[in-house]
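# Understanding the architecture of this molecule
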Amino acid sequence: MAPQSQAIYPLYDVTYTLHRVSPLHTGNETPLNNHTLSQHARKFRDILAGDVLRGVRVGLEPEDGGLPYMGSLQTVAWKLLPEEDLWTAPDETEIINNEDTTMGLSASRGHIITITYEKIVYNAILLRDPEEAQGDSVVGIGVDNNGFENFPLLLTKMPNALRDTFIEFLSTTFDSRISLLELPPSYITTVFEKYLAYICVGEDADPMDAAEGSRSIRNIIGVVTIFITFDLPDTSSLKQVSFQISAQDLPRILGLGKRVPASHDSPFLEALSIYVKRHMALDLKHEKVLISRIACDAFVLGAEGKIKTFLPATTDEESPQPRATKRLLNGLIHLAKGNSFLHE
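A brief report on the enclosed structure follows. Each chain carries its own residue numbering, running from 1 in the direction its sequence is written. Note on the predicted model: pLDDT of at least 70 is required for a residue's local features to be given, and 80 or more for side-chain atom pairs to be given and counted; whole-chain, interface and lining totals, by contrast, use all residues. Each side-chain value is derived from all of the structure's non-hydrogen atoms; neither hydrogens nor water enter the calculation.

### Points about the pairing of strand β11 (residues 153-157)
Where we set the bar: A simple rule labels every residue: compare its accessible area, found with a 1.4 Å probe on the protein chains alone, to the largest value its type can have, and call it buried under 20%, exposed over 50%, or partly exposed in between. Secondary structure follows DSSP: runs of H or I at least 4 residues long count as helices, runs of E at least 2 residues long count as strands, and numbering of each begins at the N terminus. Paired strands, as defined in this entry, are two strands with at least two bridges between them according to DSSP.
In terms of burial, β11 is largely enclosed, as four of its five residues are buried. Pairing of strand β9 (residues 121-127) with β11 involves five bridges; the strand directions are antiparallel. Across the sheet, residue L127 finds its bridge partner in β11, namely L153.

### Quick notes on the packing of helix α1 (residues 34-48) against helix α3 (residues 160-174)
The cut-off we apply is this: Each axis is a line fitted through C-alpha atoms, taken for helices only over the stretch in contact, and angles between the N-to-C directions span 0 to 180 degrees. Throughout this description, any angle smaller than 35 degrees is read as roughly parallel, any larger than 145 degrees as roughly antiparallel, any in the 65 to 115 degree range as roughly perpendicular, and the remainder as oblique. Left-handed describes a crossing whose near helix is turned anticlockwise from the far helix through less than a right angle; right-handed describes the clockwise counterpart. Whether two residues are in contact is decided by their heavy atoms, any of which lying within 4.5 Å being enough.
Closest axis-to-axis distance for the α1/α3 pair is 11 Å, and the angle between their directions is 135°. Classified by the interaxial angle, the pair formed by α1 and α3 is oblique. Crossing hand, α1 versus α3: right-handed. In this structure, α1 uses H40, K43, F44, I47 and L48 to contact α3, whose residues at the interface are L162, T165, F166, F169, T173 and F174.

### Focus on the packing of aromatic side chains
Put simply, the rule reads: Only rings of Phe, Tyr and Trp enter the pairing, Trp through its six-membered ring, and a pair is recorded when the two centres are within 6.5 Å. The plane angle decides the type: under 30 degrees is stacked, over 60 is edge-to-face, the rest tilted. The rule for a charge over a ring is simple: NZ of Lys or CZ of Arg within 6 Å of the ring centre, and within 35 degrees of the ring normal.
A complete count under the given rule lists eleven aromatic pairs for this structure. Between Y9 and W87, the aromatic rings sit 5.7 Å apart at their centres with planes inclined by 80°, giving edge-to-face as the arrangement. Taken together, the positions of Y9 in the segment before β1 (16-21) and W87 in the loop between β5 (73-82) and β6 (95-96) put the pair 78 residues apart, joining distant regions of the chain. You'll find Y9 and W87 in the same group, each marked buried. Relative to F166, the ring of W78 lies with its centre 6.0 Å away and its plane at 55°, an arrangement referred to as tilted. Taken together, the positions of W78 in strand β5 and F166 in helix α3 put the pair 88 residues apart, joining distant regions of the chain. Judged on exposure class, the residue W78 and its partner F166 are both buried. Three or more aromatic residues joined by ring pairs form one cluster here, namely F44, W78, F166, F169 and F174. The ring of F227 is capped by R293, whose NZ or CZ atom sits 5.0 Å from the centre of that ring.

### Here we look at the environment of Y198
Position of Y198 relative to the elements: it lies in helix α4 (residues 185-198). Judged by its relative accessible area of 10%, Y198 falls in the buried class. Sequence separation of Y198 and I217 is 19 residues, and the distance between their C-alpha atoms is 10.0 Å.

### Structural notes on the pattern of salt bridges
Just so we agree on the cut-off: Definition used for salt bridges: Asp or Glu carboxyl oxygen within 4 Å of a side-chain nitrogen of Lys or Arg.
A complete count under the given rule lists seven salt bridges for this structure. A salt bridge links R128 to E149; the shortest N-O distance between them is 3.7 Å. Pair noted here: R128 is in the loop between β9 and α2 (130-134) and E149 is in strand β10 (residues 148-149), with a separation of 21 residues, a long-range link. You'll find R128 and E149 in the same group, each marked buried. For D249, the salt bridge identified is with R252, shortest N-O distance 2.4 Å. Of the two residues, D249 and R252 are both situated in helix α6 (residues 249-258); the distance of three residues between them amounts to about one turn of the helix. Assessed through its relative accessible area of 32%, D249 is described here as partly exposed.

### A look at the environment of K157
Note the threshold: Each polar contact in these results corresponds to two N or O atoms within 3.5 Å; when the atoms are within protein, one needs to be able to donate a hydrogen and the other to accept it, and residues that are neighboring in sequence are counted only if both atoms are side-chain atoms.
Within the fold, K157 resides in strand β11. The sequence separation of K157 and V121 amounts to 36 residues, and the corresponding C-alpha distance is 9.1 Å. With residues up to four places along the chain from it excluded, the contact list for K157 reads V14, T15, Y16, V121, Y122 and N123. Polar side-chain contacts of K157 include one of 3.5 Å to the backbone oxygen of V121.

### Some details on helix α7 (residues 267-280)
So the rule is basically this: Here, expected helix span is obtained from the residue count minus one, scaled by 1.5 Å.
Relative to the 20 Å expected for 14 residues at 1.5 Å per residue, α7 spans 19 Å between its end C-alpha atoms, a close match to the ideal helical length. When we look at burial in α7, the residues that qualify are P267, F268, E270, A271, L272, S273 and V276. Against the buried residues of α7 lie α4, β13 (224-230), β14 (240-245) and α6. With its phi angle positive at about 55°, A281 sits one or two positions after the end of α7.

### Considering α4
Over its 14 residues, α4 runs 20 Å from end to end, which matches the ideal 20 Å to within 8%, given 1.5 Å per residue. Within the span of α4, buried status applies to Y187, I188, T189, V191, F192, E193, Y195, L196 and Y198.

### Quick look at a negative patch on the surface
Note the following rule: Nonpolar side chains (Val, Leu, Ile, Met, Phe, Trp, Tyr) are joined into patches within 5 Å and like charges within 9 Å, using only residues with over 30% relative accessible area and no salt bridge. Here, Shrake-Rupley sampling with a 1.4 Å probe gives the accessible areas, and only protein chains in the shown set may cover a residue. Under the convention used here, Asp and Glu are negative, Lys and Arg are positive, and both His and the chain ends fall outside the count. To locate a charge, the coordinates of NZ of Lys, CZ of Arg, CG of Asp or CD of Glu are taken.
Taken together, the side chains of E203, D204, D206 and E318 present a region of like negative charge at the surface. Turning to its location among the elements, E318 is positioned in the loop between β17 (306-309) and α8 (321-336).

### A few points about the side chain of S319
Here S319 is to be found in the loop between β17 and α8. Within polar-contact distance, the side chain of S319 engages the backbone nitrogen of Q321 at 3.3 Å. Not counting the four nearest positions on each side in its chain, S319 is found in contact with I220 and T314.

Structure representation (structure tokens):
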């Protein structure tokens, strides 16, 4: 029997691979809705069940290499992804008599595609540009006059064979170009610096005092693990080192960094660079030394193009973590569009 759907918001607690997506050509002047998406779900299910794509049989059978544990294909669902505060569970988002019974398009964050096999569930998420979702359009949300709808960022949790088939389906169905979104090492540290700043701001947009900000950092970020790789010849045996910063030490390091002259917007990196150089004789600012991944209790982000965001440990509605995580993802959307590293 297929695994049961969870009510947890699908952007949390899952490691996703990041992809850049060019605008999808739908040929319509209105955004894709659940009824239209259900038709695409059926077409993709036919492909997975063994039909053809571009004249080539591409169905994924359970005995295919690397996929022995999936079991038989159960369902494929493709639906609008509501905002987090409207999320309940996938099974409650249904289409009855060809009519949408879900949230309005203005409350949609994008699309979620769920592929359920007998023993495991895979999914993909297309995220729309939040600026386009909020903008006024006489055509439709995220739709231009030429019938293109924009979802710059694709997140996938799938084995390679299934991911390749899904990306091929997106490309051929919507005349879109999709590529892996690798992250510059400088982006990793900049995101972390920004996240620290986001969680030290209250719901009213006023900065927290020092004590409250330190408490927020300890509770939300927790232990930080820094992964460092080296741009060295393949013959070198030195590939990666990692070290941890405790939740208690993190606010102190951040405070020290803010007192470093010319630290600008990177107090954490400035203080960390000084500490590592002093105690490990390692220059984090050297061009051959790269921070390739940062992991903490709020998220994990890697330069190889992977992300995992964690469900907030508290249900406190005033917690800044959900807002900070949403801004993190919005920054990735803007990066996927080819804009500047971070979007405020």
